[in-house]
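Secondary and tertiary structure notes
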Amino acid sequence: MASKVFLHVGAPLAPATTMRDALARHRRRLARAGVFYPPSHLGHDGGHRDAVLDALDLAADQAARQGAWDRLAECVRDWRRGTAVVSHELLAGATPSQVDRIVTSLGSAEVHVVYVAQDLGRQLPRAWQQWVYGGGTAPFASYAAHVARRDPHRASRVFWRAHDLDDVLSRWATRVPADRIHVVTAARGDGAGGETWERFGETLGVDPHRFKLGRPAEDRLGSLAGTEVVRLLNAAGHGQDAPDEGRLRAVVSKAQEVTGPVPRLPHDLREAVTAEADRTTALLASKGWRLVGSPEDLLTREDAFATDPTQVRPSAEQLVRAHTAVLLSLCAKDAPARGPAGMRRRALRVLRDRVTP
């Protein structure tokens, strides 16, 4: 049986995805070094994601995923060469009873919990974009205000369920001692991904210099105007003329390619954001969790706040340009039949009828 099991439980979005990609990239070499990262596909169930969906009772198709967590846990228990790692940010939302089931299923292994944290200045814009890509309709300024001020709004509740360190790690602390709970701070600046990976590897007991991060998948924050195109389509799509799921996926893909200012936090949220950072650093000093990295990485920097109003709300010109770029891209397959003029007329007609701000 694995002597240690590390459960990487969050936070959602970057850099959790980067850490998971690095584990998968080095899976075979890590195994030779005594660290087991279970394959992405265990039988037919899809690996960690399906297993976690099963453990948290979130699977839409319960029959297809039933037993996925038990199969993953059995695979981990069968590893007899040292350490095993399970990674998925959905684990941040586990209830105490689900935590109990997960830890119990790992047998007598010494269970550790790892949470990679970063400040609201980096996390909030990405969380809003994912919220919109998932169908959300709240403008960025409203979403950021709801979250930063912890309003009783669904967007705020969903965000803090996975990002409130005290809430998340206290649920895991019902079964995992404080000295086995590790908070890794996400590094900043050039080479931040590699430095965060080094901290993560150090936590797992892996020499990160033997397992280079390589070139991580691009983690570019999308433009505010491009995301706003998707948000307006979401808002317009609640009626009978809703765009189908395939079209929305295509819109999201094209919107992510739109260039322009990225979202930055409104200045009027500075006090609330600063208070959250102070609360987090005080928490780290009092809980007995193992901190890997610097508490200063969790402080929101000045460049996270908007210096221009169009970093909070796109101008009409930016929005129309983004709409047109997305719609022209979606109409590109009709180019031979319609020609450039016909494509533009069609794009502008859709823009006028569906998504004009």
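In this text, all values refer to a predicted model and were calculated from it rather than measured experimentally.

1. A word on the overall build of the protein
When helices and strands are counted, the protein shows 16 helices and six strands. Counting over 357 residues, the protein shows a buried share of 52%. As displayed, the protein has an accessible area near 16,700 Å², and 49% of this comes from carbon and sulfur atoms.

2. Overview of the pattern of salt bridges
Tallied over the entire structure, the rule returns 18 salt bridges. Two residues, Asp70 and Arg101, come together in a salt bridge whose shortest N-O distance is 3.5 Å. Of the two residues, Asp70 is situated in helix α5 (residues 68–77) and Arg101 in helix α6 (residues 96–105); the sequence distance between them amounts to 31 residues. For Asp70, a relative accessible area of 41% corresponds to the partly exposed category. Linked by salt bridges that have partners in common, Arg150, Asp164, Glu276 and Arg279 make up one network.

3. Some remarks on the side chain of Asp164
Tracing the backbone through its elements, the reader meets Asp164 in the loop between α9 (154–163) and α10 (165–172). Those residues in contact with Asp164, other than ones at most four positions away along the chain, are Arg150 and Arg279.

4. Considering the sheet that holds strand β3 (residues 83–87)
Overall, parallel pairing links the six strands, which are arranged β2-β3-β1-β4-β5-β6 in an open sheet. Single-partner strands in this sheet number two, and they are β2 (35–36) and β6 (290–292). Pairing between strand β1 (residues 4–10) and β3: five bridges, direction parallel. Looking across to β3, one finds that Val5 is bridged to Ala84. Along the sheet, helix α11 (residues 192–204) makes contact with β1, β3, β4 (110–117), β5 (181–185) and β6, crossing β5 at roughly 165°.

5. Comments concerning helix α12 (residues 224–236)
The end-to-end C-alpha distance of α12, which contains 13 residues, comes to 18 Å, matching closely the 18 Å that a straight helix rising 1.5 Å per residue would cover. Burial analysis of α12 places 11 of its 13 residues in the buried class, the great majority of the element. When we look at burial in α12, the residues that qualify are Leu224, Ala225, Gly226, Thr227, Glu228, Val229, Val230, Arg231, Leu232, Leu233 and Asn234. A side-chain oxygen of the first residue of α12 lies 3.0 Å from the backbone nitrogen of Gly226; this N-cap is Ser223.

6. Remarks on the environment of Val273
Its location among the elements puts Val273 in helix α14 (residues 270–286). Taking C-alpha positions, Val273 is 9.7 Å from Ala145, a pair spaced 128 residues apart along the chain. Once you skip the residues sitting within four places of it in the chain, Val273 turns out to touch Leu120, Ala148, Leu265, Thr300 and Phe305.

7. Let's talk about the packing of aromatic side chains
Centre distance and the angle of the planes are the two values used to describe a pair of aromatic rings. This model, assessed by the stated rule, comprises five aromatic pairs. Ring centres of Phe36 and Trp79 lie 4.9 Å apart, and the angle between their planes is 15°; this geometry places the pair in the stacked category. Of this pair, Phe36 sits in strand β2 while Trp79 sits in the loop between α5 and β3, and the two are 43 residues apart along the sequence. According to the relative accessible area criterion, Trp79 is buried, its value standing at 13%.

8. Structural notes on the nonpolar core
Among the nonpolar cores identified, the biggest contains 43 residues, and Leu7, Trp69, Leu169 and Trp172 are the most heavily contacted of them. With five residues, the top contributor of residues to this core is α5. The residues touching Trp69, leaving out its near neighbours within four places in the chain, are Ala51, Val52, Asp54, Ala55, Val86, Arg101, Ile102 and Ser105. Leu124, Tyr133, Ala155 and Ala225 belong to the second-largest nonpolar core, a separate cluster that totals 34 residues.

9. Examining empty space enclosed by the protein
All told, the structure shown has one cavity of 30 Å³ or more when counted by the stated rule. Taken as a whole, the largest cavity encloses approximately 230 Å³ of empty space. Taken together, 20 residues line the largest cavity, and the ones lying closest to its centre are Gln118, Leu120, Trp160, His163 and Thr280. When residues in the lining of the largest cavity are grouped by element, the largest group, five residues, is from α14. Among the residues forming the lining of the largest cavity, the class breakdown is 10 nonpolar, five polar and five charged.

Conventions adopted
Residues numbered from 1 in each chain as written. Predicted model: local features only at pLDDT ≥ 70, side-chain atom pairs only at ≥ 80, totals over all residues. Heavy atoms only, no water. Helix = DSSP H or I, 4+ residues; strand = E, 2+ residues; numbered from the N terminus. Buried < 20%, exposed > 50% of the residue type's maximum accessible area, 1.4 Å probe, protein only. Areas by Shrake-Rupley, 256 points an atom, 1.4 Å probe, with all protein chains shown as cover. Salt bridge = Lys/Arg side-chain N within 4 Å of Asp/Glu carboxyl O. Contact = heavy atoms within 4.5 Å. Pairing = 2+ DSSP bridges. Axes fitted to C-alpha atoms, helices over the stretch in contact; angles between N-to-C directions. Expected span 1.5 Å × (residues − 1). Polar contact = N/O pair within 3.5 Å; in protein donor to acceptor, adjacent residues only side chain to side chain. Phe/Tyr/Trp six-rings, centres within 6.5 Å; stacked < 30°, edge-to-face > 60°. Core = buried A, V, L, I, M, F, W, Y, C linked by side-chain atoms within 4.5 Å. 1 Å grid on protein atoms, 1.4 Å probe; cavity = no way out; pocket = protein on both sides within 12 Å on 5 of 7 lines; lining within 4 Å. Points joined across faces, edges and corners; volume = space filled by probe spheres on them. Nonpolar A, V, L, I, M, F, W, Y, C, P; charged D, E, K, R; others polar.

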